[in-house]
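The chain contents come next:
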Amino acid sequence: MLPVAVVAVVVWVLWLVPRQVGALGYAERADDLLIVRGIMFRSLVVVPYGRMQYVDVNAGPIDRWLGIATVQLHTAAPGTQAEIAGLPPAEAARLRDRLASRGEARLAGL
């Protein structure tokens, strides 16, 4: 019975993880950043560049071992779940720098 359960869990993970990864995305627009995630329960977060306070790149030990990082956007709203997970570290650093410069440009224009 145990080997059947192990095989079932492995098959489930091999089926679910690629779908979850495929359901993550982001798009940089002229005035804001769109972040979309979720398979069954879709979530779309729109963050205007002028509302960003700061941008973090996080990578724990397992993330570093896997070669991925997470970009997290901080705004004045405490309930904002604006993060982009699973990026290569170089892409995460590029995105952080780009978002920070766009945020500063929009904030300076206020």
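Residues numbered from 1 in each chain as written. Predicted model: local features only at pLDDT ≥ 70, side-chain atom pairs only at ≥ 80, totals over all residues. Heavy atoms only, no water.

(A) A look at the overall build of the protein. Across its full length, the protein holds three helices and six strands. Shown N-terminal to C-terminal, the secondary structure of the protein runs as helices and strands in the order α-β-β-β-β-α-β-β-α. Taken over the C-alpha trace, the protein has a radius of gyration of 17 Å; the compact-globule value for 110 residues is 13 Å, which it surpasses by more than 25%. In terms of its C-alpha atoms, the protein occupies a principal-axis envelope of roughly 65 × 30 × 25 Å. In the protein, which comprises 110 residues, the proportion classed as buried is 21%. When contacts within the protein are restricted to residue pairs at least 6 apart in sequence, long-range pairs at least 24 apart make up 33% of them. When the accessible area of the protein is evaluated, it comes to approximately 7500 Å², of which 65% is carbon and sulfur surface. Each charge sign in the protein was given a centre, from 11 positive and 9 negative side chains, and these centres are 5 Å apart. (Helix = DSSP H or I, 4+ residues; strand = E, 2+ residues; numbered from the N terminus. Rg over C-alpha atoms; globule rule 2.2 N^0.38 Å. Buried < 20%, exposed > 50% of the residue type's maximum accessible area, 1.4 Å probe, protein only. Contact = heavy atoms within 4.5 Å. Areas by Shrake-Rupley, 256 points an atom, 1.4 Å probe, with all protein chains shown as cover. Lys, Arg positive; Asp, Glu negative; His and termini not counted. Charge placed at Lys NZ, Arg CZ, Asp CG, Glu CD.)

(B) Seen up close, the pattern of salt bridges. Counted under the stated rule, the structure contains six salt bridges. Close ionic contact of R98 with E28 constitutes a salt bridge, the shortest N to O distance being 2.6 Å. You can see R98 sitting in helix α3 (residues 89-108) and its partner E28 sitting in strand β1 (residues 25-28), a full 70 residues away along the chain. Across the salt bridge formed by E91 and R94, the nearest N and O atoms sit 2.8 Å from each other. Linking E91 with R94, this pair stays in helix α3, spanning three residues, or about one helical turn. One network of salt bridges, with partners in common, ties together E28, E91, R94, R98 and R102. (Salt bridge = Lys/Arg side-chain N within 4 Å of Asp/Glu carboxyl O.)

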